Each structure stands twice: as structure tokens, then as C-alpha cells.
Amino acid sequence: MSSAHHPHIHTLYSEHHGWLQGWLNRKLGNSCDAADLAHDTFLRLLSRPAARSLGSEPRALLTHIAKGLVVDRWRRQEVERAYLETIAHLPPQEVPSPETRLLILETLWRIEALLQEMPRKTREAFLLSQIDGLTYQEIAERLGVSLISVKRYMRDAFIACLSVA
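Residues numbered from 1 in each chain as written. Predicted model: local features only at pLDDT ≥ 70, side-chain atom pairs only at ≥ 80, totals over all residues. Heavy atoms only, no water.

The name an unreviewed UniProt entry assigns to the protein is Sigma-70 family RNA polymerase sigma factor, from the organism Pseudomonas vanderleydeniana. In its Sequence similarities (unreviewed entry) section, UniProt records this for the protein: "Belongs to the sigma-70 factor family. ECF subfamily." (UniProt positions renumbered as here; feature names shortened; annotations may be inferred.)

Written out as C-alpha cells, the structure is:
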């Protein structure tokens, strides 16, 4: 979208980009990541249907969006760190190529995002089933819910998984 379509965004960018990038740099301790996330914050703002009504506190909105992006970045970094620690123990001939590592990481990031979007009990039931191998009855007992609730959680989790497949 051009600034002609959103002149108020252009003004907002001009007036607040430097401040936002400085705020992110203090949070992240890295000017390159801060620049990336400041840019991503304004892109996210442009993609909002309500971008025309920014309210009387534009910095509060920018901070809110940027905080979400920072948390997303930290989660992605944690997933990447865990993956790299896992493959560090592999024999050299079994270590995936850089291209394969990137594909695996992108898949892991999608899975992590999907899990974060699930309601807590749905996520817990799904992980107890798929990772720990518990039966639905065992999950019900562990979570203190009925068997029918576990079945509903699992249905919802599988539907969520299929929606991104």
C-alpha cells in the first residue's frame, strides 16, 4: 500500500519510527533486530483493518504491536535454540544440510505458533496424547476433566492441525 492510501500512517511513521526503533533497541540490545521489528510493526499496522483509527495514543498502539512481535521473536529463537541443541548431538553425517535445517525450523515455528493459539487445555491434552502417549482417559484424569471434554479438545486440536496442513 502506498502512503497515498494511508497518509496518516506516513505521518505516524515519520513522527514515531525513530522512537520505536530506540525503544526496541533498548529491549533487544541489538540495533539490527530493532530495525527489523520496527519495520515489521508498521507493516502489521498497515495490515490492520482499523489502521485508519489509531486513537489518541499512537505510541501505545505501536508499543502493543511491537511487544507482540518481540515475544514472537523470542519464541522463535527458543525453538531454534532447542532444535540446534538437539542436532548438535548428531554424528556429522546425520546433521541436516542448511536448507533442510531451515525447512525443519520453519515447520517447527508453525507448529509452535499453532500450539500457542490453542486454548490451554486443548494444547495440554494434545501434547499429553501426542508427546507423552497418554490415553484419553489418562488425560482426563490428569487434567481433571471428563472424557468427553478430552475428546472435544482433541477434535479441536486435530482440526487446528489440519487447517495449517
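## Some remarks on the confidence of the model for the protein
When the pLDDT values of the protein are averaged, the result is 89; 91% of them are 70 or greater. Ranking the elements of the protein by mean pLDDT puts helix H1 (residues 7-28) last with 88 and helix H6 (residues 136-143) first with 97. (pLDDT = per-residue confidence, 0-100. Helix = DSSP H or I, 4+ residues; strand = E, 2+ residues; numbered from the N terminus.)

## Some details on H6
If you check which residues of H6 are buried, you get Ile-139, Ala-140 and Leu-143. One side of H6 carries all its buried residues, which in axial view fall inside an arc of 100 degrees. Away from the buried face of H6 by more than 90 degrees, exposed residues Glu-141 and Arg-142 are located. The inward-facing, buried residues of H6 contact helix H5 (120-130) and helix H7 (147-164). Phi turns positive, to about 70 degrees, at Gly-144, one or two residues after H6. (Buried < 20%, exposed > 50% of the residue type's maximum accessible area, 1.4 Å probe, protein only. Arc of directions from axis to C-beta. Contact = heavy atoms within 4.5 Å.)

## A look at helix H4 (residues 98-117)
Along its 20 residues, H4 runs 28 Å from first to last C-alpha, staying within 8% of the 28 Å computed at 1.5 Å per residue. Every buried residue of H4 is accounted for by Leu-105, Trp-109, Glu-112, Leu-114 and Leu-115. Taken together, the buried residues of H4 touch helix H3 (58-87), H5 and H7. (Expected span 1.5 Å × (residues − 1).)

## Quick look at the UniProt feature "domain: RNA polymerase sigma factor 70 region 4 type" (unreviewed entry) in the protein
Under the present numbering, the feature "domain: RNA polymerase sigma factor 70 region 4 type" (unreviewed entry) in UniProt falls on residues 110-158. Measuring from the first to the last C-alpha atom of residues 110-158 gives 15 Å, for a span that is 80% helix and 0% strand.

## Here we look at the packing of H3 against H4
Two measures define how a pair of helices packs: the angle their axes make with one another and the distance between the axes. Running from amino to carboxyl end, H3 crosses H4 at an angle of 130 degrees, the nearest separation of the two axes being 10 Å. Overall, the two elements H3 and H4 adopt an arrangement that is oblique. When you trace H3 past H4, the crossing you get is right-handed. Contacts from Arg-75, Arg-76, Val-79, Glu-80, Tyr-83, Leu-84 and Ile-87 of H3 reach H4 at Arg-101, Ile-104, Leu-105, Leu-108, Trp-109, Glu-112 and Gln-116. A breakdown of the residues in the contact of H3 with H4 according to their chemical character gives 8 nonpolar, 1 polar and 5 charged. (Axes fitted to C-alpha atoms, helices over the stretch in contact; angles between N-to-C directions. Parallel < 35°, antiparallel > 145°, perpendicular 65-115°, else oblique. Left-handed = near helix turned anticlockwise from the far one by under 90°. Nonpolar A, V, L, I, M, F, W, Y, C, P; charged D, E, K, R; others polar.)

## Concerning the packing of H6 against H7
At a minimum axis distance of 8 Å, the contact between H6 and H7 shows a crossing angle of 105 degrees. Here H6 lies roughly perpendicular to H7, going by the angle between them. Two secondary-structure elements touch here, H6 through Tyr-136, Gln-137, Ile-139 and Ala-140 and H7 through Leu-147, Val-150, Lys-151, Met-154 and Phe-158. Among the residues forming the contact of H6 with H7, the class breakdown is 7 nonpolar, 1 polar and 1 charged.

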